[in-house]
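Listed below are the residues making up each chain.
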Amino acid sequence: MNLENVLVDLKENIGIVTVNRPNKLNALNKKTIDELHLAFKKLNEDSNVKVIIVTGSGEKAFVAGADIAEFSNFDIEEGTELSRKGHEILFSYVQNLETPVIAAVNGFALGGGLELAMAAHFRVASSNAKMGLPEVSLGVIPGYGGTQRLPQLVGKGKAMEMIMSASMISAEEAKEWGLVNYVVEQAELLPLCEKLAKKISQNSSVAISAAIKAVNANYTNCVNGYSVEIENFGLSFGTDDFKEGTTAFLEKRKPNFD
Ligand code: COA
């Protein structure tokens, strides 16, 4: 794939997406958002790819937010469209992707950067990472899902404080608050994410996609998550992976889901 601001690598059955604008701390301009969409879409369509890891280029930043220089002159209509399109092609898109996505937060994850990490299915951080939603310090609010996903992950009170104060929290605080699952030294970040990805990739990807759908349903307005779970639980019984998984258990062997 010929992209300018996004690198895509394959390591066995793990896709690695790297936001690559280190001189701008990997800030998300429109082009980068378009390219991230293409990268996630391509990897999701590749049946060999079982897990996707998203990270930032360099040692300083995961993503330091939406590109402030690009939107500083926008009017109400352009601002609305920026947010609407971003939700559609990147943030909701990643949250609802069939392939599991792990965010490897390797430094600043601010504004749209933290929102991208929160759209991923879970997060691992390096010890130098700093996370926050500084939008109100710029006179705007989080526009890529931050007002919804942050309270879901850390609770309403902590989310309100982070959003209102515009301040950053450390990786350790983020772990304590449930925003990230693990904190490791930067050199250990990708190896740990790859280890987690490997473990995930041994399970049924059909079942994992259905589980993502059911878990997400709990966070979707007007959708009864329990009904979505019942439906997807039932559908699992019609899959080859279900036959293989249960047969392997009964035959006391490891399943082969390929
Ligand atoms: N949008 C556009 N450019 C950004 C950016 C963003 N969100 N974040 C960083 N950059 C650019 C800087 O303008 C600078 O570019 P320049 O060298 O051409 O001037 C470059 O990235 C390096 O950033 P700099 O601010 O010099 O690094 P720092 O180490 O002094 O500070 C931060 C790091 C993350 C604290 C600081 O860059 C920052 O506050 N960024 C904005 C965070 C933000 O508000 N994000 C939410 C946007 S809605």
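Preceding this section is the structure that the text describes.
Reading guide: rules and limits
- Residues numbered from 1 in each chain as written.
- Predicted model: local features only at pLDDT ≥ 70, side-chain atom pairs only at ≥ 80, totals over all residues.
- Heavy atoms only, no water.
- Near = heavy atom within 4 Å.
- Polar contact = N/O pair within 3.5 Å; in protein donor to acceptor, adjacent residues only side chain to side chain.
- Areas by Shrake-Rupley, 256 points an atom, 1.4 Å probe, with all protein chains shown as cover.
- Nonpolar A, V, L, I, M, F, W, Y, C, P; charged D, E, K, R; others polar.
- Axes fitted to C-alpha atoms, helices over the stretch in contact; angles between N-to-C directions.
- Helix = DSSP H or I, 4+ residues; strand = E, 2+ residues; numbered from the N terminus.
- Contact = heavy atoms within 4.5 Å.
- Patch = residues over 30% accessible without salt bridge, like charges linked within 9 Å, V, L, I, M, F, W, Y side chains within 5 Å.
- Salt bridge = Lys/Arg side-chain N within 4 Å of Asp/Glu carboxyl O.
- Buried < 20%, exposed > 50% of the residue type's maximum accessible area, 1.4 Å probe, protein only.

## Some thoughts on the site of the ligand
Among the 15 residues in the neighbourhood of the ligand, the closest are listed as Lys24, Lys60, Ala64, Ala66 and Ile68. Taking Asn23, its main chain carries an N or O atom lying 3.4 Å from an oxygen atom of the ligand. Here a nitrogen atom of the ligand sits 2.9 Å away from a polar atom, N or O, in the main chain of Ala66. If the ligand stood free it would expose 860 Å²; the protein chains cover 60% of that surface. Counted by class, the shell around the ligand contains nine nonpolar, two polar and four charged residues.

## Here's the deal with the packing of helix H3 (residues 76-95) against helix H4 (residues 112-119)
A pair of packed helices is captured by two measures, namely the crossing angle of their axes and the spacing between those axes. Two elements in contact, H3 and H4, have axes whose closest approach is 7 Å; the angle formed by their N-to-C orientations is 35 degrees. Here H3 contributes Leu90, Phe91, Val94 and Gln95 to the contact with H4, which in turn contributes Gly112, Glu115, Leu116 and Ala119.

## Regarding a nonpolar patch on the surface
On the surface, a nonpolar cluster with roughly 240 Å² of combined accessible area is contributed by Ile68, Leu138 and Val140. Structurally, the position occupied by Leu138 is in the loop between strand E8 (130-132) and helix H5 (146-154).

## What about the pattern of salt bridges?
Summed over the entire model, instances satisfying the criterion amount to 11 salt bridges. Measuring nitrogen to oxygen at the nearest pair gives 3.8 Å for the salt bridge that ties Lys31 to Glu4. Remark: Glu4 occurs in the segment before strand E1 (6-11) and Lys31 occurs in helix H1 (residues 30-45); sequence separation between them is 27 residues. Lys31 sits in the partly exposed class, given a relative accessible area of 38%. Taking the shortest distance from any N to any O, the salt bridge between Glu194 and Lys11 comes out at 3.1 Å. Of this pair, Glu194 sits in helix H8 (residues 186-201) while Lys11 sits in strand E1, and the two are 183 residues apart along the sequence. For Lys11, a relative accessible area of 45% puts it in the partly exposed group. When salt bridges with common partners are traced through the structure, they connect Glu4, Lys31 and Glu35 into a single cluster.

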